[in-house]
Amino acid sequence: MNKNIKRIILSFISIIAFPFKVIPASIRRNILFSLLVIESRVSNPRKSLKNLFLLKDKLEILINERALRYGEGEHPKHKLMKYHDYFINNIPNDSSVLDIGCGYGTVARSIAKKVKGVVVTGIDNDRDRLNQAKSNNHLKNLSFIFGDVLEIKNNKKYDVLVMSNILEHVEKRVDFIKKIVQSVLPEIILIRVPLFERHWELPMRKELGVNYFSDSTHFIEHTKEEFKKEISDAGLRIENMEILWGEIWAKCITK
(Lines give C-alpha, C1' and ligand atoms only; values in the text may rest on other atoms or scores of the structure.)
Protein backbone atom coordinates (compact mmCIF):
# COMPACT_ATOMS: atom_id res chain seq x y z
CA MET A 1 0.00 0.00 0.00
CA ASN A 2 1.22 3.49 -0.87
CA LYS A 3 2.67 5.17 2.26
CA ASN A 4 0.67 8.37 1.77
CA ILE A 5 -2.58 6.44 1.38
CA LYS A 6 -1.76 4.39 4.45
CA ARG A 7 -1.08 7.58 6.42
CA ILE A 8 -4.43 9.07 5.35
CA ILE A 9 -6.30 5.89 6.31
CA LEU A 10 -4.63 5.78 9.73
CA SER A 11 -5.46 9.45 10.33
CA PHE A 12 -9.10 8.82 9.39
CA ILE A 13 -9.27 5.81 11.70
CA SER A 14 -7.84 7.81 14.61
CA ILE A 15 -10.58 10.45 14.13
CA ILE A 16 -13.51 8.05 14.00
CA ALA A 17 -12.01 5.97 16.83
CA PHE A 18 -12.19 8.86 19.31
CA PRO A 19 -15.87 8.44 20.29
CA PHE A 20 -15.32 4.67 20.45
CA LYS A 21 -12.81 5.24 23.27
CA VAL A 22 -15.49 6.37 25.71
CA ILE A 23 -17.05 2.89 25.64
CA PRO A 24 -15.41 0.63 28.29
CA ALA A 25 -12.91 -1.85 26.81
CA SER A 26 -14.83 -4.90 28.06
CA ILE A 27 -17.97 -3.73 26.27
CA ARG A 28 -16.02 -2.96 23.07
CA ARG A 29 -14.61 -6.49 23.10
CA ASN A 30 -18.08 -7.98 23.53
CA ILE A 31 -19.44 -5.88 20.68
CA LEU A 32 -16.63 -6.98 18.36
CA PHE A 33 -16.98 -10.62 19.42
CA SER A 34 -20.73 -10.51 18.80
CA LEU A 35 -20.11 -9.21 15.28
CA LEU A 36 -17.65 -12.06 14.68
CA VAL A 37 -20.18 -14.60 15.94
CA ILE A 38 -22.77 -13.23 13.50
CA GLU A 39 -20.18 -13.31 10.70
CA SER A 40 -19.36 -16.95 11.50
CA ARG A 41 -23.00 -18.02 11.23
CA VAL A 42 -23.95 -16.55 7.86
CA SER A 43 -22.35 -19.40 5.87
CA ASN A 44 -21.67 -23.11 6.12
CA PRO A 45 -18.78 -24.22 8.37
CA ARG A 46 -16.25 -24.43 5.52
CA LYS A 47 -16.91 -20.91 4.27
CA SER A 48 -17.11 -19.57 7.83
CA LEU A 49 -13.76 -21.11 8.74
CA LYS A 50 -12.11 -19.61 5.65
CA ASN A 51 -13.50 -16.18 6.47
CA LEU A 52 -12.51 -16.39 10.15
CA PHE A 53 -8.95 -17.34 9.18
CA LEU A 54 -8.79 -14.31 6.87
CA LEU A 55 -10.07 -12.08 9.67
CA LYS A 56 -7.49 -13.58 12.01
CA ASP A 57 -4.74 -12.65 9.51
CA LYS A 58 -5.87 -9.03 9.64
CA LEU A 59 -5.88 -9.14 13.43
CA GLU A 60 -2.30 -10.46 13.36
CA ILE A 61 -1.28 -7.40 11.32
CA LEU A 62 -2.66 -5.14 14.03
CA ILE A 63 -1.07 -7.15 16.83
CA ASN A 64 2.37 -6.94 15.21
CA GLU A 65 1.97 -3.23 14.49
CA ARG A 66 1.07 -2.55 18.13
CA ALA A 67 3.88 -4.83 19.30
CA LEU A 68 6.41 -2.81 17.31
CA ARG A 69 5.08 0.41 18.83
CA TYR A 70 5.19 -1.16 22.28
CA GLY A 71 8.80 -2.19 21.68
CA GLU A 72 9.68 1.29 20.36
CA GLY A 73 10.64 -0.01 16.93
CA GLU A 74 11.92 -3.43 17.98
CA HIS A 75 9.50 -6.32 18.09
CA PRO A 76 9.16 -7.65 21.69
CA LYS A 77 9.58 -11.21 20.36
CA HIS A 78 13.33 -10.58 20.19
CA LYS A 79 13.43 -10.16 23.97
CA LEU A 80 10.70 -12.63 24.93
CA MET A 81 11.90 -15.50 22.76
CA LYS A 82 15.58 -14.81 23.49
CA TYR A 83 16.27 -16.16 20.05
CA HIS A 84 19.44 -14.12 19.61
CA ASP A 85 20.99 -16.49 22.16
CA TYR A 86 20.86 -19.38 19.69
CA PHE A 87 23.09 -17.52 17.24
CA ILE A 88 25.36 -16.14 19.95
CA ASN A 89 25.89 -19.58 21.50
CA ASN A 90 26.77 -21.19 18.15
CA ILE A 91 29.30 -18.64 16.91
CA PRO A 92 32.96 -19.23 17.85
CA ASN A 93 35.04 -16.39 19.28
CA ASP A 94 37.06 -14.34 16.80
CA SER A 95 34.80 -15.27 13.87
CA SER A 96 33.84 -13.14 10.91
CA VAL A 97 30.04 -13.22 10.53
CA LEU A 98 27.72 -12.29 7.68
CA ASP A 99 24.09 -11.70 8.71
CA ILE A 100 22.02 -12.10 5.54
CA GLY A 101 18.79 -10.10 5.46
CA CYS A 102 19.78 -8.35 8.67
CA GLY A 103 16.78 -5.99 8.65
CA TYR A 104 17.02 -3.49 11.50
CA GLY A 105 20.25 -5.15 12.68
CA THR A 106 19.03 -6.42 16.05
CA VAL A 107 20.50 -9.93 15.70
CA ALA A 108 23.75 -8.61 14.23
CA ARG A 109 24.10 -6.13 17.09
CA SER A 110 23.56 -8.81 19.73
CA ILE A 111 26.24 -11.01 18.14
CA ALA A 112 28.68 -8.09 17.88
CA LYS A 113 28.13 -7.22 21.55
CA LYS A 114 28.30 -10.69 23.06
CA VAL A 115 30.70 -12.87 21.03
CA LYS A 116 34.32 -12.19 21.91
CA GLY A 117 36.54 -10.94 19.07
CA VAL A 118 33.79 -11.26 16.48
CA VAL A 119 33.45 -8.99 13.44
CA VAL A 120 29.91 -8.79 12.05
CA THR A 121 28.60 -7.54 8.70
CA GLY A 122 24.88 -7.19 8.08
CA ILE A 123 23.48 -7.04 4.57
CA ASP A 124 19.94 -6.20 3.45
CA ASN A 125 18.25 -4.95 0.27
CA ASP A 126 15.63 -2.91 2.15
CA ARG A 127 17.17 0.55 2.31
CA ASP A 128 14.82 1.94 4.98
CA ARG A 129 15.52 -0.93 7.36
CA LEU A 130 19.24 -0.78 6.67
CA ASN A 131 19.36 2.96 7.28
CA GLN A 132 17.71 2.38 10.66
CA ALA A 133 20.27 -0.35 11.41
CA LYS A 134 23.09 2.03 10.56
CA SER A 135 21.64 4.86 12.63
CA ASN A 136 21.50 2.57 15.70
CA ASN A 137 25.03 1.28 15.27
CA HIS A 138 27.77 2.50 17.59
CA LEU A 139 29.96 -0.61 17.55
CA LYS A 140 33.37 -0.78 15.89
CA ASN A 141 33.04 -4.49 15.11
CA LEU A 142 29.71 -4.11 13.30
CA SER A 143 29.00 -2.73 9.84
CA PHE A 144 26.12 -2.77 7.41
CA ILE A 145 25.99 -2.87 3.61
CA PHE A 146 23.10 -2.36 1.23
CA GLY A 147 22.50 -4.82 -1.58
CA ASP A 148 21.75 -8.34 -2.74
CA VAL A 149 23.92 -10.96 -1.06
CA LEU A 150 24.21 -12.86 -4.36
CA GLU A 151 25.87 -9.82 -5.92
CA ILE A 152 28.63 -9.28 -3.35
CA LYS A 153 31.86 -8.51 -5.21
CA ASN A 154 34.32 -8.09 -2.33
CA ASN A 155 35.53 -11.73 -2.46
CA LYS A 156 35.62 -11.73 1.33
CA LYS A 157 35.45 -14.98 3.27
CA TYR A 158 33.14 -15.24 6.28
CA ASP A 159 33.43 -17.96 8.92
CA VAL A 160 29.75 -17.91 9.82
CA LEU A 161 26.56 -17.14 7.90
CA VAL A 162 23.40 -16.17 9.78
CA MET A 163 20.07 -16.60 8.00
CA SER A 164 17.29 -15.78 10.44
CA ASN A 165 13.89 -16.11 8.74
CA ILE A 166 15.40 -15.72 5.28
CA LEU A 167 15.07 -18.99 3.38
CA GLU A 168 11.27 -18.99 3.41
CA HIS A 169 11.41 -15.76 1.38
CA VAL A 170 13.51 -17.41 -1.35
CA GLU A 171 11.92 -19.38 -4.19
CA LYS A 172 14.97 -21.38 -5.31
CA ARG A 173 16.46 -22.07 -1.90
CA VAL A 174 18.91 -24.86 -2.77
CA ASP A 175 20.52 -22.78 -5.54
CA PHE A 176 20.53 -19.75 -3.22
CA ILE A 177 22.44 -21.61 -0.49
CA LYS A 178 24.90 -23.15 -2.96
CA LYS A 179 25.74 -19.78 -4.52
CA ILE A 180 26.28 -18.09 -1.16
CA VAL A 181 28.45 -20.90 0.19
CA GLN A 182 30.49 -20.83 -3.02
CA SER A 183 30.90 -17.07 -2.74
CA VAL A 184 31.92 -16.58 0.90
CA LEU A 185 33.13 -20.09 1.89
CA PRO A 186 31.65 -20.27 5.41
CA GLU A 187 32.33 -23.09 7.85
CA ILE A 188 29.07 -22.66 9.79
CA ILE A 189 25.60 -21.68 8.56
CA LEU A 190 23.00 -20.85 11.24
CA ILE A 191 19.43 -21.03 9.98
CA ARG A 192 16.02 -20.23 11.45
CA VAL A 193 12.78 -20.88 9.54
CA PRO A 194 9.09 -21.21 10.51
CA LEU A 195 7.85 -24.79 10.97
CA PHE A 196 4.76 -25.99 9.10
CA GLU A 197 3.86 -28.48 11.84
CA ARG A 198 3.64 -25.79 14.50
CA HIS A 199 -0.18 -25.71 14.72
CA TRP A 200 -3.22 -27.66 13.51
CA GLU A 201 -4.51 -24.54 11.79
CA LEU A 202 -1.83 -24.68 9.08
CA PRO A 203 -2.89 -28.01 7.51
CA MET A 204 -6.51 -26.91 8.06
CA ARG A 205 -5.88 -23.70 6.15
CA LYS A 206 -4.14 -25.66 3.40
CA GLU A 207 -7.12 -28.00 3.15
CA LEU A 208 -9.49 -25.04 2.88
CA GLY A 209 -7.35 -23.29 0.26
CA VAL A 210 -6.53 -20.39 2.59
CA ASN A 211 -3.03 -18.92 2.73
CA TYR A 212 -1.24 -20.72 5.55
CA PHE A 213 1.98 -18.71 5.47
CA SER A 214 2.71 -16.34 8.33
CA ASP A 215 3.93 -13.77 5.77
CA SER A 216 2.61 -13.09 2.29
CA THR A 217 6.16 -13.01 0.88
CA HIS A 218 6.93 -16.61 1.91
CA PHE A 219 7.35 -19.32 -0.72
CA ILE A 220 7.33 -22.13 1.84
CA GLU A 221 6.99 -22.93 5.51
CA HIS A 222 8.99 -26.11 5.95
CA THR A 223 8.09 -29.43 7.43
CA LYS A 224 11.04 -31.00 9.23
CA GLU A 225 11.59 -33.42 6.36
CA GLU A 226 11.42 -30.70 3.70
CA PHE A 227 14.02 -28.68 5.59
CA LYS A 228 16.38 -31.64 6.00
CA LYS A 229 16.13 -32.51 2.31
CA GLU A 230 16.81 -28.97 1.11
CA ILE A 231 19.83 -28.62 3.39
CA SER A 232 21.20 -31.95 2.15
CA ASP A 233 20.53 -31.03 -1.50
CA ALA A 234 22.42 -27.76 -0.94
CA GLY A 235 25.50 -29.74 0.10
CA LEU A 236 25.32 -28.99 3.82
CA ARG A 237 25.15 -31.23 6.85
CA ILE A 238 22.95 -30.50 9.86
CA GLU A 239 25.12 -30.68 12.97
CA ASN A 240 22.22 -29.94 15.33
CA MET A 241 18.58 -28.99 14.91
CA GLU A 242 16.02 -27.80 17.45
CA ILE A 243 12.33 -26.95 17.36
CA LEU A 244 11.66 -23.80 19.40
CA TRP A 245 8.72 -21.39 19.35
CA GLY A 246 7.23 -23.19 16.34
CA GLU A 247 10.39 -22.72 14.29
CA ILE A 248 13.31 -24.82 13.07
CA TRP A 249 16.71 -23.74 14.32
CA ALA A 250 19.70 -25.46 12.76
CA LYS A 251 23.47 -25.32 12.83
CA CYS A 252 24.71 -26.53 9.45
CA ILE A 253 28.24 -27.14 8.24
CA THR A 254 29.72 -27.81 4.85
CA LYS A 255 30.10 -31.51 4.10
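Residues numbered from 1 in each chain as written. Predicted model: local features only at pLDDT ≥ 70, side-chain atom pairs only at ≥ 80, totals over all residues. Heavy atoms only, no water.

Colleague: How do you make sense of the pattern of salt bridges when you look at a structure like this?
Modeller: Pairing between side chains of opposite charge can happen when the charged atoms of each approach one another. Under the criterion given, the structure shown has twelve salt bridges. Residues Lys-157 and Asp-159 are paired through a salt bridge, measuring 3.4 Å at the closest nitrogen-oxygen approach. Several salt bridges converge on common partners, so that one network encompasses Lys-157, Asp-159 and Glu-187. (Salt bridge = Lys/Arg side-chain N within 4 Å of Asp/Glu carboxyl O.)

Colleague: Please explain the packing of aromatic side chains as it appears in this structure.
Modeller: Tallying each qualifying case throughout the model produces seven aromatic pairs. Ring geometry for Tyr-83 and Phe-87: centres 6.5 Å apart, planes at 80°, overall edge-to-face. Across this residue pair, the class does not change: Tyr-83 and Phe-87 are buried. Consider the rings of Tyr-86 and Phe-87, whose centres lie 5.8 Å apart with planes at 85°: the pair is edge-to-face. Here the aromatic cluster, defined as three or more aromatic residues joined through ring pairs, consists of Tyr-83, Tyr-86, Phe-87 and Trp-249. The ring centre of Phe-196 lies 5.7 Å from the NZ or CZ of Lys-206, which sits over that ring. (Phe/Tyr/Trp six-rings, centres within 6.5 Å; stacked < 30°, edge-to-face > 60°. Buried < 20%, exposed > 50% of the residue type's maximum accessible area, 1.4 Å probe, protein only. Lys NZ or Arg CZ within 6 Å of the ring centre and 35° of its normal.)

Colleague: Is there a simple way to explain the nonpolar core in this structure?
Modeller: In terms of nonpolar packing, the biggest core is built from 28 residues, with Leu-98, Ile-100, Met-163, Phe-176, Ile-177 and Ile-191 touching the most fellow members. For this core, the secondary-structure elements that each account for two or more residues are β1 (96-100), β4 (160-164), α8 (173-184), β5 (188-194), α10 (224-233) and β7 (247-254). It is α8 that provides the largest number of residues to this core, a total of six residues. With 25 residues, the next largest nonpolar core counts Val-97, Ala-108, Leu-142 and Phe-144 among its residues. (Core = buried A, V, L, I, M, F, W, Y, C linked by side-chain atoms within 4.5 Å. Helix = DSSP H or I, 4+ residues; strand = E, 2+ residues; numbered from the N terminus.)

Colleague: Is there a simple way to think about the sheet that holds strand β6 (residues 236-244) in this case?
Modeller: Sheet strands associate in pairs through backbone hydrogen bonding, adopting either a parallel or an antiparallel arrangement. Taken in spatial order, the seven strands make up an open sheet running β3-β2-β1-β4-β5-β7-β6, and their pairing is mixed. Unpaired on one side and paired on the other, β3 (142-146) and β6 mark the two borders of the sheet. Geometrically, the sheet is characterised by an average inter-axis angle of 20° between neighbouring strands, direction not taken into account. The sheet contact formed by β1 and strand β2 (residues 119-124) spans five bridges and is parallel. Along β2, the bridge assignment pairs Val-97 with Val-120. Set on the sheet, helix α7 (residues 127-135) makes contact with β2 and β3; between it and β3 the angle comes to about 160°. Here α10 sits on the sheet in contact with β5, β6 and β7, set at roughly 155° to β6. (Pairing = 2+ DSSP bridges. Axes fitted to C-alpha atoms, helices over the stretch in contact; angles between N-to-C directions. Contact = heavy atoms within 4.5 Å.)

Colleague: Is there a simple way to think about helix α6 (residues 106-114) in this case?
Modeller: The α-helix winds at 3.6 residues per turn, so residues separated by three or four positions along the chain end up facing the same way. The buried count for α6 comes to seven of nine residues, which makes it a mostly enclosed element. All of the buried residues along α6 are Thr-106, Val-107, Ala-108, Arg-109, Ser-110, Ile-111 and Ala-112.

Colleague: When you look at α10 in this model, what are you seeing that I'm missing?
Modeller: Among all positions of α10, only Phe-227, Glu-230 and Ile-231 are buried. Down the axis of α10, the buried set is contained in an arc of 100°. They therefore lie on one face. In this structure, α10 carries Glu-225 and Lys-229 as exposed residues pointing more than 90 degrees from its buried face. Looking at the buried residues of α10, the elements they touch are α8, β5, β6 and β7. In the stretch just after α10, Gly-235 is the one whose phi turns positive, near 90°. (Arc of directions from axis to C-beta.)

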